[in-house]
Amino acid sequence: MPESVHQPERKPYHTPHITPLPGSSPAKCELRSVIRFLNAKNNSPVEIHCQLVEVYGEKCMDIKNVRKWCREFNEGRINVHDEQRSGRPSLPESTVARIDEMMRANRRITLEEIEDGLNGDCSHFSVHKIVSETLGYRKVSARWVDKWLKEAAGEWYNTGITKQD
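Parameters and conventions
Residues numbered from 1 in each chain as written. Predicted model: local features only at pLDDT ≥ 70, side-chain atom pairs only at ≥ 80, totals over all residues. Heavy atoms only, no water. Salt bridge = Lys/Arg side-chain N within 4 Å of Asp/Glu carboxyl O. Helix = DSSP H or I, 4+ residues; strand = E, 2+ residues; numbered from the N terminus. Buried < 20%, exposed > 50% of the residue type's maximum accessible area, 1.4 Å probe, protein only. Contact = heavy atoms within 4.5 Å. Axes fitted to C-alpha atoms, helices over the stretch in contact; angles between N-to-C directions. Parallel < 35°, antiparallel > 145°, perpendicular 65-115°, else oblique. Nonpolar A, V, L, I, M, F, W, Y, C, P; charged D, E, K, R; others polar. pLDDT = per-residue confidence, 0-100. Expected span 1.5 Å × (residues − 1). Arc of directions from axis to C-beta. Phe/Tyr/Trp six-rings, centres within 6.5 Å; stacked < 30°, edge-to-face > 60°.

As annotated in an unreviewed UniProt entry, the protein carries the name Mos1 transposase HTH domain-containing protein and comes from Cordylochernes scorpioides.

This is the structure:
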């Protein structure tokens, strides 16, 4: 009888476990470059996402965004960087200066009066933000005063304002 040769059992092929790259999360353009490359090789978005998760970890990019970028590249996009956006409009310094002039002219002015005086250049929220954060005013006894003004032991410091009961 011939001796039987012992052969090891064949296991189904699987990809070896790759530990995610150490360090911070990858740049968006790096992930998009990988998506663009794999999409050009006709990999499906699901396959691309699986490979991204395998290499970069669970928090790299969700499947929804992988599909979106595959669609963008299929429609002819070649740039992997973000498009230039306008962002939130900022208020010009002239508006801040006008508000400051109004505040100095009348310390009892209301935000609504300032808003009306600007003829619709600023919203109520923006006027409040400029007055309280940018210019540093706060309301004390129906009068706008600087935030550095402190009350200590019943006396007002750094101004000629006397406290009214």
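Anyway, onward from the coordinates.
A. View of the pattern of salt bridges. One pass over the structure, following the stated rule, counts five salt bridges. Among the ionic pairs, Arg32 bridges to Asp82, the shortest N-O distance being 2.8 Å. Here Asp82 lies in the loop between α3 (63-74) and α4 (93-105) and Arg32 lies in helix α1 (residues 28-40), a separation of 50 residues in the sequence. Note on Asp82: relative accessible area 45%, which makes it partly exposed. Across the salt bridge formed by Asp121 and Arg98, the nearest N and O atoms sit 3.3 Å from each other. In this pair, Asp121 sits in the loop between α5 (111-117) and α6 (124-134) while Arg98 sits in helix α4, placing the two residues 23 residues apart along the sequence. We classify Arg98 as partly exposed; its relative accessible area is 30%. Counted as one network, the salt bridges with shared partners bring together Glu72, Arg77 and Glu83.

B. Looking closely at the environment of Lys139. Mapped onto the elements of the fold, Lys139 is located in strand β1 (residues 137-140). In this structure, the C-alpha to C-alpha distance between Lys139 and Arg108, residues 31 residues apart in sequence, is 9.0 Å. When near neighbours in sequence (up to four residues on either side) are disregarded, Lys139 contacts Ile109 and Trp144.

C. Focus on the packing of α4 against α6. At a closest axis distance of 11 Å, the pairing of α4 and α6 adopts a crossing angle of 75°. With respect to each other, α4 and α6 are oriented roughly perpendicular. Only Ile130, Val131 and Thr134 of α6 make contact with α4, whose side of the interface consists of Val96, Ile99 and Met103. Tallied by class, residues from the contact of α4 with α6 come to five nonpolar, one polar and no charged.

D. Quick look at the confidence of the model for the protein. The predicted model of the protein averages 77 in pLDDT, with 68% of residues at 70 or higher. With pLDDT under 50 throughout, residues 11-15 is counted as low confidence; its partners more than four residues away or in other chains account for one contact.

E. Summary view of α4. With 13 residues, α4 should reach 18 Å at 1.5 Å per residue; the first-to-last C-alpha distance of 18 Å fits that figure. Restricting attention to buried positions, one finds in α4 the residues Thr95, Val96, Ile99, Asp100, Met102 and Met103. Seen from one end, α4 has its buried residues packed into an arc of 160°, which puts them on one side. Facing away from the buried side of α4 by over 90 degrees, the exposed positions are Glu93, Glu101, Arg104 and Ala105.

F. Summary view of the side chain of Asn43. Among the structural elements, Asn43 can be located in the loop between α1 and α2 (45-56). With residues near it in sequence (within four places) discarded, Asn43 still touches Leu38, Ile48 and Gln51.

G. Inspection of α6 at higher detail. Those residues of α6 lying buried are Val127, Ile130, Val131 and Ser132. Residue Gly136 follows α6 closely and has a positive phi angle near 80°.

H. Representation of the packing of aromatic side chains within the structure. On inspection of all chains with the given rule, the structure shows one aromatic pair. For the pair Trp69 and Phe73, a centre-to-centre distance of 5.7 Å together with 35° between the ring planes defines the contact as tilted. Taken together, the positions of Trp69 and Phe73, both in helix α3 and four residues apart, correspond to about one turn of that helix. For the pair Trp69 and Phe73, a shared accessibility class is recorded, and that class is buried.

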